[in-house]
Amino acid sequence: MTRVGRDFSYTMQSLAVPPVSADVVFASAQFPNYRNGNEDGKLGSMKEVIARETAQLLEQQKRLSVRDLASKFEKGLAAAAKLSDEAKLRDVASLEKHVLLKKLRDALESLRGRVVGKNKDDVEVAISMVEALAVQLTQREGELIQEKAEIKKLTSFLQQASEDAKKLVDEERAFARTEIENARAAVQRVEEALQEQERMSQASGTQDMEALMKEVQEARRIKMLHQPSKVMDMEHELQALRIQLAEKSKRSIELQKELALSRRGEESGSCLFELNGTTALGSYLEIQPCSNSAPQLSQCSIQWYRMASQGGNRDIISGATKPIYALEPSDVGRILQVDIISDGQSITLTTSDPIDPAAGLGNYVEALVRRHETEFNVVIIQMNGVDHPSESIHVLHVGKMRMKLCKGKTTVAKEYYSSSMQLCGVRGGGSAAAQASFWQPKIGLSFVLGFESERERNAAIMLARRFAFDCNIMLAGPDDRAAQKH
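Turning our eyes to something else, we now look at the nonpolar core. Core analysis: the biggest nonpolar cluster contains 49 residues, and Tyr417 and Trp439 have the highest contact counts within it. Top element by residues in this core is helix 7 (residues 454-470). It accounts for seven residues. Leaving out residues up to four positions away in the same chain, Trp439 has contacts with Leu396, Met403, Leu405, Ala413, Met421, Gln422, Leu423, Leu445, Ser446, Phe447 and Leu449. Judged by nonpolar contacts, the second largest core, of ten residues, contains Val123, Val130, Leu133 and Leu137.

As structure tokens, then:
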């Protein structure tokens, strides 16, 4: 509601009545026109503004919130109270006017008895004007009384509206609090129900699992009782396995007898040397003399071979001409032989069993196959057959499509799998050969790389051969492909 701040106080001119004497002269024949400061029609417009804003307030009551409505009514009530105070001030000013007019009339009456002639006529005219002004003032007082009554009605209406708004606010607040309390109680009940359900589920979970296990065991027992044919099948399978085991035992005894006969037949020559080492991937085999009459190995010609089985064809291992041979993944499941030639005499040594795989290496490689690329820390031992002076760490990247050798951000070699690429274990070079591999990315470029362990070296070779095989490339060592074709 617009606050209307009008000055409803009446400004009256101070009438100083000097002592009346015989020489009083009026400036005009008419009594001065005393005007009220608010008699210019502004009071009527004030009423219209209040009535209009009250109507607007009632129209906006449906759109406003209860709190805003209460605030509007309180402002209207304050404005009405101010109007009431201003009406009281007007009453005081009207009373002062009556007193002043009465004093003025009394003064004129006393003056009329003292003057004669034209002055007396002027005094009578002045008295009539004062009487007319008193009549006007009385009429004006009636209007003010009526306005005061209307203002009182408006004040009482706004006061009642303000009280109603406060009641609405209190009711809405109480209703909101009730709803909030109900919501909190509902949430609390839901939380308690969930907690109770969780406790019950935890308490019954173990019991349910035990009961389920008992039921499953009972069902299996009943099923086995009603299906004796499966039990018979299992017994037959066990019997067949026992028969196979007995046959293999017999075959093993026969092989041992044949081996003993073979050793006795070759005792005259082969007893000069023997093979030492574990026949498992990750180790190495070494030729050692077992007799004082054995020739020096440095004066002998040595060549290692692979065989698929005892008495089968031998595949030459190119480059394996040293007394020590480090086993590589291609040797797994094969029997190894080595020929020692000295002074035209040839001595052949053979491993007693096929080469066994390294424990856990297969699962490790299968885990690496799932990666897009695997990195191995290596040291370059030789490059193109020449010893490499630096022993800095390099990284060998074995990927699904290519292999790459890097030092930091510098790429030393990078090639896709192709028929010209070769990869195998180092064939000779002492006990450290089990941790080294030979890699030829392309013709004219080759490396001997040292790995951190035998496991890492064999995993890198197996992983690279697996990826190359997926690209239809047989990745092997020098001359190994020709041997495999035969």
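In sheet architecture, strand pairing relies on hydrogen bonds along the backbone and comes in two forms, parallel and antiparallel. As summarised here, the arrangement of the three strands in space is 1-2-5, forming an open sheet in which the pairing is antiparallel. A strand with exactly one partner marks an edge of an open sheet, and here the two such strands are strand 1 (273-276) and strand 5 (324-326). Taking each pair of neighbouring strands and ignoring which way they run, the sheet shows an average axis angle of 20°. Sheet topology note: the strand 2 (residues 284-289)/strand 5 ladder contains three bridges and is antiparallel. Across the sheet, residue Tyr284 finds its bridge partner in strand 5, namely Ala326.

Inspection of the secondary structure assignment puts Ser453 in the loop between strand 15 (445-451) and helix 7. Given the relative accessible area of 22%, Ser453 is considered partly exposed. In the structure, Ser453 is positioned 21 residues away from Ala432 in sequence and 9.7 Å away in space, judged by C-alpha atoms. Side-chain polar atoms of Ser453 contact the backbone nitrogen of Glu456, separated by 3.3 Å.

We now examine the side chain of Ser283. Here Ser283 lies in the loop between strand 1 and strand 2. Among the polar contacts listed, one links the side chain of Ser283 to the backbone oxygen of Ala280, at a separation of 2.7 Å. Non-local contacts of Ser283, meaning those with residues more than four positions away in its chain, are made with Thr278, Ala326, Leu327 and Ala434.

All right, on to the pattern of salt bridges then. One pass over the structure, following the stated rule, counts ten salt bridges. Between Arg306 and Glu328 there is a salt bridge, with the nearest N and O atoms lying 3.6 Å from each other. Taken together, the positions of Arg306 in strand 3 (residues 301-307) and Glu328 in the loop between strand 5 and strand 6 (335-342) put the pair 22 residues apart, joining distant regions of the chain. When sorted by exposure, Arg306 lands in the same class as Glu328, which is buried. With its nearest N and O atoms 3.6 Å apart, the salt bridge here joins Arg427 to Glu328. Taken together, the residues Arg427 in the loop between strand 13 (422-425) and strand 14 (436-442) and Glu328 in the loop between strand 5 and strand 6 connect sequence positions 99 residues apart.

Below, the discussion takes up the environment of Ile317. Relative to the helices and strands, Ile317 resides in the loop between strand 4 (314-316) and strand 5. On the basis of relative accessible area, Ile317 is assigned to the buried category, the value being 0%. With eleven residues separating them along the chain, Ile317 and Arg306 place their C-alpha atoms 7.0 Å apart. Those residues in contact with Ile317 that sit more than four places away from it in its chain are Gln303, Trp304, Tyr305, Arg306, Tyr325, Asp331, Leu336 and Arg427.

The strand order across the open sheet formed by four strands is 4-3-6-7, and the pairing between neighbours is antiparallel. Looking at strand neighbours, the two that pair on one side only are strand 4 and strand 7 (345-350), the edges of this open sheet. Direction aside, neighbouring strands of the sheet carry axes that sit 30° apart on average. As judged from the six bridges shared by strand 6 and strand 7, these two strands associate in the antiparallel manner.

For the rest of this paragraph, the subject is unusual backbone geometry. Of note, the phi angle at Asp343 is positive, near 55°, even though the residue is not glycine. Assignment of secondary structure puts Asp343 in the loop between strand 6 and strand 7.

Turning to the packing of helix 6 (residues 361-369) against helix 7, a few remarks are in order. As a packed pair, helix 6 and helix 7 sit with axes 10 Å apart at the nearest point and diverge in direction by 50°. With respect to helix 7, the axis of helix 6 lies oblique. In this structure, helix 6 crosses over helix 7, and the sense of that crossing is right-handed. Facing helix 6, whose interface residues are Leu361, Tyr364, Val365, Glu366, Leu368 and Val369, helix 7 presents Arg455, Glu456, Asn458, Ala459, Met462, Leu463, Arg466 and Phe467. Looking at the contact of helix 6 with helix 7 residue by residue, the classes come out as nine nonpolar, one polar and four charged.

Reading guide: rules and limits
- Residues numbered from 1 in each chain as written.
- Predicted model: local features only at pLDDT ≥ 70, side-chain atom pairs only at ≥ 80, totals over all residues.
- Heavy atoms only, no water.
- Core = buried A, V, L, I, M, F, W, Y, C linked by side-chain atoms within 4.5 Å.
- Buried < 20%, exposed > 50% of the residue type's maximum accessible area, 1.4 Å probe, protein only.
- Helix = DSSP H or I, 4+ residues; strand = E, 2+ residues; numbered from the N terminus.
- Contact = heavy atoms within 4.5 Å.
- Pairing = 2+ DSSP bridges.
- Axes fitted to C-alpha atoms, helices over the stretch in contact; angles between N-to-C directions.
- Polar contact = N/O pair within 3.5 Å; in protein donor to acceptor, adjacent residues only side chain to side chain.
- Salt bridge = Lys/Arg side-chain N within 4 Å of Asp/Glu carboxyl O.
- Parallel < 35°, antiparallel > 145°, perpendicular 65-115°, else oblique.
- Left-handed = near helix turned anticlockwise from the far one by under 90°.
- Nonpolar A, V, L, I, M, F, W, Y, C, P; charged D, E, K, R; others polar.

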